[in-house]
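Survey of secondary and tertiary structure
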Amino acid sequence: MNEAVRELVKPSVCPLDCPDTCSLSVSVQGDRITAIRGSKVNPFTDGVICNKVARSYPEFVHGAGRLMHPMKRVGPRGKGQFEPVSWDAALDLVHEGFSRAIAQYGPQSVMPFNYAGPHGELAGGSMDRRFFHKLGATLLNRGPLCGAVRGTAYTSLYGSSPGMPPEQARQSDLVVIWGNNVTVSNLHLMRVLKDAGKRGVRVVVIDPKRTKIAERADLFIQIRPGSDVVFAMAAAAELERRGALDRAFIEEWTVGFDAFMDEARRYGVKQVEDICGLSADTLMEFVELYAGAENVAASFGNGIERGRSGGSGLRAGMALQALTGNHGRPGAGVIAKPGLSAPKTTERLQRPDLVPDGTRTFNIVDVAHKLLDKTLDPPVMATMIYNHNPVCTHPDQKTLIKALRREDLFIAGCDVVMTDSLAFADVILPAASHFEFDDVYGAYGQNYVQRAAPVIPCVGESLPNTEIFRRLAARFGFDDPIFKDDDAALMDAAFDGSDERFQGFSPGGVPLERALVMTAKGGSEPVMCKNVFPATPSGRIELYSEDLEERFGYGVPRFEPVKRDRPLILISPSSDKRTNATFGGCAESDGMEVVEIHPDNAAERGLTSGDQATVSNERGKVTLKVVVSDAVLPGVLYSPKGTWLKTSATGNTVNALIPSHIRTDIEDGACYNETFVDIERSA
Ligand code: SF4
């Protein structure tokens, strides 16, 4: 067979915003990817990947949506009319657009608008950060869009110390899966649970939706969205009443017990019934399981953080582990942040020291309003959207679209494929997919470091993010050697390669057929309070957080009700077709997205499965296909997130219904699940 068409199988790593960071085997013929499978390089992911990557990634790389050339806008903003230009011309346009803003309003009138598209250390944030830091652009706090609330809830208790790697749940006798649809967004934890189930390990699932894992659970607690803190605090109080708290552990390893329990004792059966919609028996059954288990592992998904009391819900749920002494042994602990084991050297990679003193920072959730704020000094006059599809992922979609329509705003866009957000750009820079460049990967849901090399050449004229920003830095005359670092140097800057767990490999030299496990000191698996320790100011697990009290007034968790002004609450969790909005342009995501509705609510409105319905509130309208199902509670609608505008006849997705003014208790995060709506059959 001709060498050019012979199929080769090459190693890679999945870069998507997913905790698992699978190792991949990529089949390549010539310059094309023909198939993607799991590889066994990473023992945690062990040859298994999700369907969406296998189905949609080849199309994402080679399909009709792929951006092949730099382009400039030639029609009205947002209409998607572009014509190809050379790289030189495109970079000149970016230089002109940014320079015009800087000349009139200073460097803070430029703002990067990026999030977590690819999770490789280089593509995710390296030369781009150096560039914007040196430019003196406005800084962006990206975590409040997703992840920061859960992250801060964890670090407020444990500091930046790694939690339990998911594999350890095999050694538990009770696993609590709280607000985490593991079959969709934490696939390999599902495999651990299957193994554990064979050994008789009990599983409790707490979720507003009866997910697949909920159907298999020993106890499924179908909780009302946003009420997790009430349930967790009531459980803490009930455990205390039964004498089931571990007083010796609390004495040795925690601070703030009294303040925490003073608040927890305010919650009991009545609040659980009224606010969580759960029975006293359910609370008691949960407490009995917890109190009777030797080693409890608890996993918390991002679902909890998407409500007003999300940070409190997460803190209270995690704190149950400390209150019951579920630390210090393999299989007991919070399955969270195992990736903190890796010796990342992010400051060396991103160079925040280049940021001029006094540079302002915007919360990413506020961007639409900042762009429209006529009193802002200086105004944002130029931005670059990259690693992000904000139109399909931010709350309050219509306001964001209005902001991106601003005629006097210069917008550069950079992505692998054309998106609903890039349609608003003045100039588009085609980015290479991660299959086309080198990168090194930590993970946020497991504790391995992996590296990937290109498996195909850059498609069309696309370039890796690092090269795009190297060229931009040169255009702006940034001649410091750090702006000339090649990808090998950047990979070496991403981790401390002298760490013994790198086994003598430089980060840029990690063998492609190896995943390096980031153990605790001495090579043992990380176990909180045994060989890794709380990295909090007190050195203990902080049930009362002085930092959260000072910054947000939430030293201990508490419930904050949100006024409900429409009959139904809409939740929009992960999809099994997309990772956030990635793959939203692929065939698998064509057509209208579904909305699940409880049979009682459907009957009240004369809706049956297959109907087309309009879901609406004061912010907008979306058309969705009805699925009548008792997997959702009465009063709750469920529709997967990340759809693109073409999927709804109204030209808006569920993000148009989501408020941006309601914020989480800690970290000022987006409250995707505080979305109150009506639903009716579409006319
Ligand atoms: S999206 Fe997650 S589960 Fe799917 S291949 Fe990537 S890392 Fe693995």
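Values in this document were obtained by computation on a predicted structure and should not be read as measured data.

Turning next to the overall build of the protein. Looking only at helices and strands, one finds 22 helices and 27 strands in the protein. Here the C-alpha radius of gyration of the protein, 25 Å, is about what a compact globule of 683 residues would show, namely 26 Å. Seen along its three principal axes, the alpha-carbon backbone of the protein occupies a region of about 70 × 65 × 60 Å. Put simply, the protein has 683 residues, and 58% of those count as buried. For the protein, the share of sequence-separated contacts (at least 6 apart) that also reach a separation of at least 24 residues comes to 76%.

Peptide bonds are, in most cases, trans, and in most cases residues other than glycine have a negative phi. At the junction of Asp377 and Pro378, the peptide bond is cis and its omega measures out at -5° in the coordinates. Considering the arrangement of structural elements, one finds Pro378 in the loop between helix 16 (367-372) and strand 15 (382-386). For Cys529, which is not glycine, the phi dihedral falls at a positive 75°. Checked against the element boundaries, Cys529 lands in the loop between strand 20 (516-517) and strand 21 (541-542). Look at Cys529 and you get buried, because 22 C-beta atoms sit within 10 Å.

Among all positions in helix 18 (residues 397-404), only Gln397, Leu400, Ile401, Ala403 and Leu404 are buried. The arc enclosing the buried residues of helix 18, seen along the axis, measures out at 160°, which places them on a common side. Packing partners of the buried residues in helix 18 comprise helix 16, helix 17 (390-393) and strand 16 (410-415).

Turning to the site of the ligand, a few remarks are in order. Lining the immediate environment of the ligand, one finds Cys14, Leu16, Cys18, Asp20, Thr21, Cys22, Ile49, Cys50, Val53, Leu187 and Thr579. For the shell around the ligand, the class distribution of residues is eight nonpolar, two polar and one charged.

Before going further, it helps to spend a moment on the nonpolar core. If you look at the biggest cluster of nonpolar residues, it comprises 218 residues, and the most contacted ones within it are Ala235, Ala236 and Leu637. Residue contributions to this core peak at 10 residues, all from helix 9 (residues 228-241). Discounting chain neighbours no more than four positions away, the residues touching Ala236 are Met261, Ala264, Ala316, Ala319, Leu320 and Leu323.

What the domain assignment lists for the protein is domain 1 (7-62), domain 2 (71-145 + 352-437 + 457-496), domain 3 (164-335 + 531-552) and domain 4 (568-681). Distance from the C-alpha centre of domain 1 to the C-alpha centre of domain 4: 30 Å. Counting from both sides, the interface comprises nine residues of domain 1 and, opposite them, 10 residues of domain 4. Here the side of domain 1 that touches domain 4 is built from residues that sort into three nonpolar, two polar and four charged.

If you walk across this open sheet you meet the five strands as 10-9-8-12-13, and the pairing is parallel. Each edge of the open sheet carries a strand with a single partner, namely strand 10 (219-222) and strand 13 (333-335). Taken over all neighbouring pairs, the strand axes of this sheet differ in orientation by 15° on average, direction set aside. Relative to strand 12 (residues 296-300), strand 8 (residues 174-178) is paired through five bridges, and the arrangement is parallel. By the bridge assignment for strand 12, Val175 is matched with Ala297. Packed on one face of the sheet, helix 13 (residues 280-292) meets strand 8, strand 9 (202-207), strand 10 and strand 12 and runs near 135° to strand 10.

Hydrogen bonds between backbone groups are what pair the strands of a sheet, and the pairing can be parallel or antiparallel. Taken in spatial order, the three strands make up an open sheet running 1-2-3, and their pairing is antiparallel. Looking at strand neighbours, the two that pair on one side only are strand 1 (7-13) and strand 3 (32-38), the edges of this open sheet. Recorded for the sheet is a direction-independent mean angle of 30° between the axes of neighbouring strands. Pairing geometry for strand 1 and strand 2 (residues 23-29), over seven bridges, is antiparallel. Within the sheet, the bridge partner assigned to Val9 lies in strand 2 and is Ser27.

Thresholds applied
Residues numbered from 1 in each chain as written. Predicted model: local features only at pLDDT ≥ 70, side-chain atom pairs only at ≥ 80, totals over all residues. Helix = DSSP H or I, 4+ residues; strand = E, 2+ residues; numbered from the N terminus. Rg over C-alpha atoms; globule rule 2.2 N^0.38 Å. Buried ≥ 20, exposed ≤ 12 C-beta atoms within 10 Å, placed from the backbone. Contact = placed C-beta atoms within 7 Å. Arc of directions from axis to C-beta. Near = placed C-beta within 6 Å. Nonpolar A, V, L, I, M, F, W, Y, C, P; charged D, E, K, R; others polar. Core = buried A, V, L, I, M, F, W, Y, C linked by C-beta atoms within 7 Å. Domains from an automatic or database assignment. Pairing = 2+ DSSP bridges. Axes fitted to C-alpha atoms, helices over the stretch in contact; angles between N-to-C directions.

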